[in-house]
Amino acid sequence: MIVGTAGHIDHGKTTLVRALTGVDTDRLPEEKKRGISIELGYAFLDLSAQAEPDAGAGDRIGFIDVPGHERLVHTMLAGATGIHFALLLVAADDGVMPQTREHLAVLSLLGLGQGAVVVTKADRVDAARLAAVCAEAAVLCQGSSLAGCPVLAVSAVTGQGVSELQALLRRAAAALPRGGDDGRAFRLAVDRVFTLDGVGTVATGTVHAGRVQVGDELRLVPGEAGGRSVRVRSLRAQNREVLAAAAGERCAVGLAGLSKDDVQRGQWLVAAPAVLAAREAPRAGAIRVDVRLRLWHEEAKPLRSGTVVHVHLGAEDRLGTVALLEGGDSLAPGATALAQLVLHEPLGAWAGDRVVLRDAAATRTVAGGIVLDPMAPSRYRRTPERLAELAALDLPDAGARLAALLCAAPLGLDLRRYAAAQGLQALPATAALPSHTLREGDWALDAQHAEAARAALLGALGRFHERQPDELGPDAARLRRLALPRLAEPAYRALLAGLVHDGRVTLRGAFVHLPEHGVRLSASEERIAQKVAPKLADAGFEGAWARDLARDSGESEPLMRTTLARLAQRGELHQVVKDLYYPQATMATLAGIARAVGAQQEGVVTAASFRDATQLGRKRAIQLLEHFDRIGLTRRVGDVHRVRADSTLYLAEAAAGEGSLRAPA
Ligand SMILES: Nc1nc2c(ncn2[C@@H]2O[C@H](COP(=O)(O)OP(=O)(O)O)[C@@H](O)[C@H]2O)c(=O)[nH]1
Ligand SMILES: [Mg+2]
């Protein structure tokens, strides 16, 4: 358990920690000289009367002593995030003072429900005054997260109340639920960095989630390229040498190969799976964190959208702007709303993290919130679809959250992104998804959305056959553009594979068609097809005309036309312009040439370059490129054709054919 102090300057925080633990947390010369705390202080208290030498870190209470000075609230915040139990101190002589109020607001907005009010310097006042201050403090806590918490009178001089307070802390520590493995990746918010002889650079902080072991590779984020990789050389948890440390412990991490200046307070040490969520600010944009925000009930005025604030998260403090996402453009004191925090500097944030907002001048704590999405979008951030997503993310139960999120994601859910945003060690197991969810690698699609997507795909395919009865069907990439352009590619592939498997669509090469669309040839058509195959192959890049094929094979022109059209429907021939046919193999070679030309010109194929590469006339070269546009190999952009990156047309055939012109098998 980690206990944090809070309260106005000079109200006896540091003295109380010393009385409880014997440790003087004011260690800096300047702190000694001025008699005030400037930095965070740390101390530990053994729970068992006798500290066993091999006891783990679990039976120690860690203390974080914070400065009370009004200008150091950001330091107080860096220490208060991640504590389990708060001691709000009020000096009996002074009574409630400004930072008593502000620190209470901070604790409350951090969601700290465990704590006690300690009325200090009891030796300085008479019983009546002591009772009055205790009553004042209890009233102050009303409406805060510490409402109804115990109030104790203590004197560090006479020792009054100290052992009662120790007993209270021991009980709270014993009652604290031991965090089991909740699947979350290791994260530690760095709040102090120093160099130690024989150990090297040490970063200390509170472990917010997960477990770490000596020897682990961690990343220091935010940082360039996903953060610097660092190795854990040594570990202390709750001030004891350990081999492993876990969530809820104060931890000092000895880092190999890093100098003191390489690490800053506010950064995070995280296990690799959690890295994605701690991004650098995109070059032309901002980092956006969607939160459920609550304005402190004692604020005098509503909070307006567009207000500039200090965003405190973990041990970090960043300037940002609030954009309210619902309920108009202002938030009343005590009210809650979904909001987006727009930051221009990198910040590590994960779902479930607490944020506290202070005003731009850093004089008041104004609001607090819980992170719902640390990788929030800039566009469509207030649409009903997005608000449904945020409502899903707001669900406290992980299983329900995932199920609701899948419902809110008709285009599929990126599980890798979800896991990173949630700070999970691994992607959710398929067993953790609702049954019948369609899953393909990192992507998942809710069963109902999958069914709707299948219907869209089949509908688009049917319409395609109606409009282009002479073609076998679109290729898979083109069908995706026609039917489900925004569906995640892996989800689409899985959907299509499922339909093929169930016999609801047929795949021939790269082409997709409905089973009933594939045409059978009559006996005479079969005969003619065999007869013309060599001629079509010999026609090369120029292609063969129906009229010439009819004449050369002594067949009637109408019969030749219908046969060729049927072969085209079967995907064996291509009709480039009316009555001009190419066999599949020749087309694959031509497609290979178009790809090769494109590869040399950043994907662009011009009529001239394709003409030169094929030795064709300009007109035929253009006709072929227009055919490629139609079937989805290329895309017309102004005067040029761009090879579509997603097209799989002919890829295998061209490689197998190696440029030789073969008759279709
Ligand atoms: N008489 C008396 N003085 C105290 C007590 N606790 C702290 N002080 C004094 O109050 C001053 C401020 O204490 P300190 O712990 O530094 O306050 P902090 O700023 O809240 O950390 C110091 O001079 C302490 O000696 C107490 O219980 N009784
Ligand atoms: Mg102090």
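**A closer look at the overall build of the chain**
- Within the chain, the secondary structure is distributed over 19 helices and 34 strands.
- Against the globule reference of 26 Å for 665 residues, the chain gives a C-alpha radius of gyration of 35 Å, more extended than a compact globule.
- Its C-alpha atoms give the chain principal-axis dimensions of about 125 × 55 × 40 Å.
- Considering only residue pairs separated by 6 or more positions, the chain has 67% of its internal contacts joining residues 24 or more positions apart.
- Carbon and sulfur atoms make up 52% of the accessible area of the chain, which amounts to about 28600 Å² in all.
- When the 78 basic and 76 acidic side-chain charges of the chain are each reduced to a single mean position, those positions are 4 Å apart.

**Structural notes on the coordination of the magnesium ion (ligand 2)**
- Distances from the magnesium ion (ligand 2) to its protein donors, Thr 14 (OG1) and Ser 37 (OG), fall at 2.0 to 2.1 Å. Of this pair, Thr 14 sits in helix H1 (residues 13-21) while Ser 37 sits in the loop between helix H2 (29-34) and strand E2 (41-46); the two residues are 23 residues apart in sequence, bridging distant segments of the chain. For the pair formed by Thr 14 and Ser 37, the shared burial category is buried.

**A short note on the site of ligand 1**
- As a matter of local geometry, ligand 1 sits amid 16 residues, with Asp 10, Lys 13, Thr 15, Asp 123 and Ala 156 nearest to it.
- Within the backbone of Lys 13, a nitrogen or oxygen atom sits 2.8 Å from an oxygen atom of ligand 1.
- In this structure, Arg 124 approaches ligand 1 through a side-chain N or O atom, which is 3.3 Å from a nitrogen atom.
- Expressed as a share of its isolated accessible area of 570 Å², the protein-covered part of ligand 1 is 79%.
- Its residues assigned to classes, the shell around ligand 1 comprises three nonpolar, eight polar and five charged.

**Observations concerning the pattern of salt bridges**
- Tallied over the full model, the rule gives 39 salt bridges.
- The closest approach of N and O atoms between Asp 182 and Arg 184, which form a salt bridge, is 3.0 Å.
- Residue Asp 182 is classed as partly exposed on the basis of its relative accessible area, which comes to 46%.
- When salt bridges that share partners are traced, they join Asp 290, Asp 373, Arg 386, Glu 389 and Arg 417 into one network.

**A few points about helix H5 (residues 127-141)**
- Here H5 spans 21 Å end to end across 15 residues, near enough to the 21 Å set by a 1.5 Å rise per residue.
- Two residues or fewer after H5 comes Gly 143, characterised by a positive phi angle close to 85°.

**Description of the nonpolar core**
- One finds Leu 107, Leu 269, Leu 293, Val 322 and Leu 357 to be the most contacted residues of the largest nonpolar core, which totals 93 residues.
- Here this core gets six residues from one element, more than from any other, and that element is H5.
- Among all residues touching Val 322, those that are not within four sequence positions of it are Leu 293, Leu 303, Ser 305, Gly 306, Thr 307, Val 309, Ala 339, Gln 340, Leu 341 and Leu 357.

**Overview of the confidence of the model for the chain**
- Of all residues in the chain, 94% have pLDDT values of 70 or greater, and the mean over the chain is 90.
- Under a pLDDT of 50 for its full length, residues 50-57 has, in the predicted model, nine contacts with residues more than four places off or in other chains.
- Low confidence marks residues 654-665, where pLDDT is under 50. Its contacts with residues over four positions away, or in another chain, come to 16 contacts.

**Notes on the side chain of Gln 238**
- Turning to its location among the elements, Gln 238 is positioned in the loop between strand E11 (228-237) and strand E12 (240-242).
- At 2.7 Å, the side chain of Gln 238 and the backbone nitrogen of Arg 250 are in polar contact.

**Points about the sheet that holds strand E5 (residues 115-120)**
- The six strands are arranged E2-E3-E1-E4-E5-E6 in an open sheet whose pairing can be described as mixed. Of all strands in the sheet, those bounded by a partner on one side alone are E2 and strand E6 (151-153). With strand direction ignored, the average angle separating the axes of adjacent strands in the sheet is 25°.
- With three bridges joining them, strand E1 (residues 2-7) and strand E3 (residues 60-65) adopt parallel strand pairing. Bridging from a neighbouring strand, Val 3 pairs with Phe 63 of E3.
- Of the strands in this sheet, strand E4 (85-91), E5 and E6 are in contact with H5, which crosses E5 at around 150°.

**Examining the packing of aromatic side chains**
- Summed over the entire model, instances satisfying the criterion amount to two aromatic pairs.
- Their ring planes at 75° and their centres at 5.0 Å tell us that Trp 268 and Trp 350 sit as a pair that is edge-to-face. You can see Trp 268 sitting in strand E15 (residues 268-270) and its partner Trp 350 sitting in the loop between strand E21 (336-343) and strand E22 (354-359), a full 82 residues away along the chain.
- Taking the relative accessible area as the measure of exposure, Trp 350 reaches 0% and is therefore buried.
- Between Phe 610 and Phe 628 the ring centres are 6.2 Å apart and the planes differ by 75°, which places this aromatic pair in the edge-to-face class. Taken together, the residues Phe 610 in helix H17 (residues 607-614) and Phe 628 in helix H18 (residues 618-631) connect sequence positions 18 residues apart.
- Residue placement shows Arg 187 over the ring face of Trp 268; its charged tip is 4.9 Å from the ring centre.

Rules and cut-offs
Residues numbered from 1 in each chain as written. Chains lettered and ligands numbered in written order. Predicted model: local features only at pLDDT ≥ 70, side-chain atom pairs only at ≥ 80, totals over all residues. Heavy atoms only, no water. Helix = DSSP H or I, 4+ residues; strand = E, 2+ residues; numbered from the N terminus. Rg over C-alpha atoms; globule rule 2.2 N^0.38 Å. Contact = heavy atoms within 4.5 Å. Areas by Shrake-Rupley, 256 points an atom, 1.4 Å probe, with all protein chains shown as cover. Lys, Arg positive; Asp, Glu negative; His and termini not counted. Charge placed at Lys NZ, Arg CZ, Asp CG, Glu CD. Donors = N, O, S within 2.8 Å, 3.2 Å for Na, K, Ca; no water. Buried < 20%, exposed > 50% of the residue type's maximum accessible area, 1.4 Å probe, protein only. Near = heavy atom within 4 Å. Polar contact = N/O pair within 3.5 Å; in protein donor to acceptor, adjacent residues only side chain to side chain. Nonpolar A, V, L, I, M, F, W, Y, C, P; charged D, E, K, R; others polar. Salt bridge = Lys/Arg side-chain N within 4 Å of Asp/Glu carboxyl O. Expected span 1.5 Å × (residues − 1). Core = buried A, V, L, I, M, F, W, Y, C linked by side-chain atoms within 4.5 Å. pLDDT = per-residue confidence, 0-100. Pairing = 2+ DSSP bridges. Axes fitted to C-alpha atoms, helices over the stretch in contact; angles between N-to-C directions. Phe/Tyr/Trp six-rings, centres within 6.5 Å; stacked < 30°, edge-to-face > 60°. Lys NZ or Arg CZ within 6 Å of the ring centre and 35° of its normal.

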